[in-house]
Amino acid sequence: MADDTKYIQMKANGATATEVYLQAFEDRVPNATALTCRTFKLSIREAKEIAVTAHGKYKSLSEYQATLVEHLRQALEEMEREENEQTDR
């Protein structure tokens, strides 16, 4: 386990889970989401929600997960195209 002292102190000083996550992310903590989970005793889902929304690109974990479907569809289509190109040779 990493040294969480800095982040525990931030929490004690009134920092929110989002603020702690963003600081850990900026500090390049290998798993800032897990650190946030430990520090605030959050569920994995709650910590992931913070990680996904903290940077402002997504409003919720559900919104983020919905985008994954489209990315997977595009990846599958690309794989099929590559496979078809190889079999056409």
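See the structure above.
Residues numbered from 1 in each chain as written. Predicted model: local features only at pLDDT ≥ 70, side-chain atom pairs only at ≥ 80, totals over all residues. Heavy atoms only, no water.

### Let's talk about the side chain of D4
And then number 1: Structurally, D4 is set in the segment before α1 (5–12).
And then number 2: With a relative accessible area of 9%, D4 lands in the buried category.
And then number 3: Apart from residues lying up to four places away in sequence, D4 is in contact with L35 and R38. (Helix = DSSP H or I, 4+ residues; strand = E, 2+ residues; numbered from the N terminus. Buried < 20%, exposed > 50% of the residue type's maximum accessible area, 1.4 Å probe, protein only. Contact = heavy atoms within 4.5 Å.)

### Describing the packing of helix α2 (residues 17–26) against helix α3 (residues 32–40)
And then number 1: Between α2 and α3, the shortest axis-to-axis distance is 9 Å and the interhelical angle comes to 145 degrees. Seen from above, α2 lies across α3 with right-handed handedness. Within the contact between the two elements, α2 uses A17, V20, Y21, A24 and F25 and α3 uses A32, T33, L35, T36 and F40. (Axes fitted to C-alpha atoms, helices over the stretch in contact; angles between N-to-C directions. Left-handed = near helix turned anticlockwise from the far one by under 90°.)

### Side note on the packing of aromatic side chains
And then number 1: Counted according to the given criterion, the structure contains two aromatic pairs.
And then number 2: Aromatic side chains Y58 and Y64 sit 5.2 Å apart centroid to centroid with 70 degrees between the ring planes, which places their arrangement in the edge-to-face category.
And then number 3: It is K11 that lies over the ring of F40; its NZ or CZ is 5.2 Å from the centre. (Phe/Tyr/Trp six-rings, centres within 6.5 Å; stacked < 30°, edge-to-face > 60°. Lys NZ or Arg CZ within 6 Å of the ring centre and 35° of its normal.)

### Topic: the nonpolar core
And then number 1: Among the nonpolar cores identified, the biggest contains 17 residues, and Y7, V20, Y21, A24, L35 and L42 are the most heavily contacted of them.
And then number 2: Mapped onto this core, the elements with two or more residues apiece are α1, α2, α3 and α4 (44–53).
And then number 3: If we skip the residues at most four places from it in the chain, L42 touches A17, T36, C37, A47 and I50. (Core = buried A, V, L, I, M, F, W, Y, C linked by side-chain atoms within 4.5 Å.)

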